[in-house]
Amino acid sequence: FGGHDHVLRTAGLSYADYAHQGYGQLMAAAVLTLAVIAGARRWARVDRRRDDALLRALLAALCLLCLVVLASALKRLGLYEDAYGATRLRMLADANILWLGAVLLLVLATLATGRSGWLPRALVLVSACGAVAFAAVNPDGRIASRTVDRYLAGGRIDGHYLSGLSADAAVPLTRLRYPECVLRGIRTEVERPEGLLGANLARARARDAVAGVPPYE
């Protein structure tokens, strides 16, 4: 949880390294935590109710400590995005961390209740809802919006990366001072004939957005 100060004080440590280390530590901690919990619930010798309660309490503490590592990894990734902007891969890592947090909370619930029969169905439901939510937050549009905000505040942008985003990014990109260069690919995409089955709201909005921007020459 050292944050910006830790990165700036540590020789040879970049924001990327800091975020990658945190993500790697989280994955290792999560795998070990879930493996220990599964093994303990399967093979631990529990002769009395008191022993079972103690075991579940210790495993719950292990889960909570893993959530602390999760919070650290999420903070490190946030610092990386603040410094260099959002990308699809970084947003996917954010989503994966949040999904893993939901999994750990479900495991905590099974330890609290002592019942795990519902856990597989709950994991499937959480995973499906997470996938739908990730699509619903409009990743490309959010990436473009955050990047443009950073640029207008005096930061830098990667025009090549922005030009490869989908039509979802068109509306935020029009706020750039010279948006025509990064909207070339989107303009080409939305001006192709799409037919009835290819029509969607994002492309319609993108078409309206690029209509007000002069073509790149």
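Cut-offs and rules
- Residues numbered from 1 in each chain as written.
- Predicted model: local features only at pLDDT ≥ 70, side-chain atom pairs only at ≥ 80, totals over all residues.
- Heavy atoms only, no water.
- Helix = DSSP H or I, 4+ residues; strand = E, 2+ residues; numbered from the N terminus.
- Buried < 20%, exposed > 50% of the residue type's maximum accessible area, 1.4 Å probe, protein only.
- Phe/Tyr/Trp six-rings, centres within 6.5 Å; stacked < 30°, edge-to-face > 60°.
- Lys NZ or Arg CZ within 6 Å of the ring centre and 35° of its normal.

*Asks:* Residue-level account of unusual backbone geometry, with values.
*Replies:* A positive phi angle is found at Asn-138, which is not glycine, with a value near 60°. In this structure, Asn-138 sits in the loop between helix H5 (119-136) and helix H6 (139-152). Asn-138 gets classed as partly exposed once you look at its relative accessible area, which sits at 27%.

*Asks:* Please provide a residue-by-residue account of the packing of aromatic side chains, values included.
*Replies:* Going through the model one piece at a time under the given rule, you end up with 2 aromatic pairs. Geometrically, the ring pair formed by Tyr-15 and Tyr-84 is edge-to-face, given 6.4 Å between the ring centres and 75° between the ring planes. Highlighted residues: Tyr-15 in helix H2 (residues 15-43) and Tyr-84 in helix H3 (residues 49-84), separated in sequence by 69 residues. Arranged with centres 5.7 Å apart and planes meeting at 75°, the rings of Tyr-80 and Tyr-84 form a pair that is edge-to-face. Here Tyr-84 and Tyr-80 lie together in helix H3, a separation of 4 residues that amounts to about one turn. Judged by relative accessible area, Tyr-80 falls into the buried class, the value being 11%. The ring of Tyr-80 carries Arg-90 above its face, with NZ or CZ at 4.3 Å from the centroid.

*Asks:* Describe the environment of Ala-122, and please don't skip the residues or the numbers.
*Replies:* Considering the arrangement of structural elements, one finds Ala-122 in helix H5. With a relative accessible area of 15%, Ala-122 lands in the buried category. Each C-alpha atom, one on Ala-122 and one on Val-103, is 9.0 Å from the other, the two residues being 19 residues apart in sequence.

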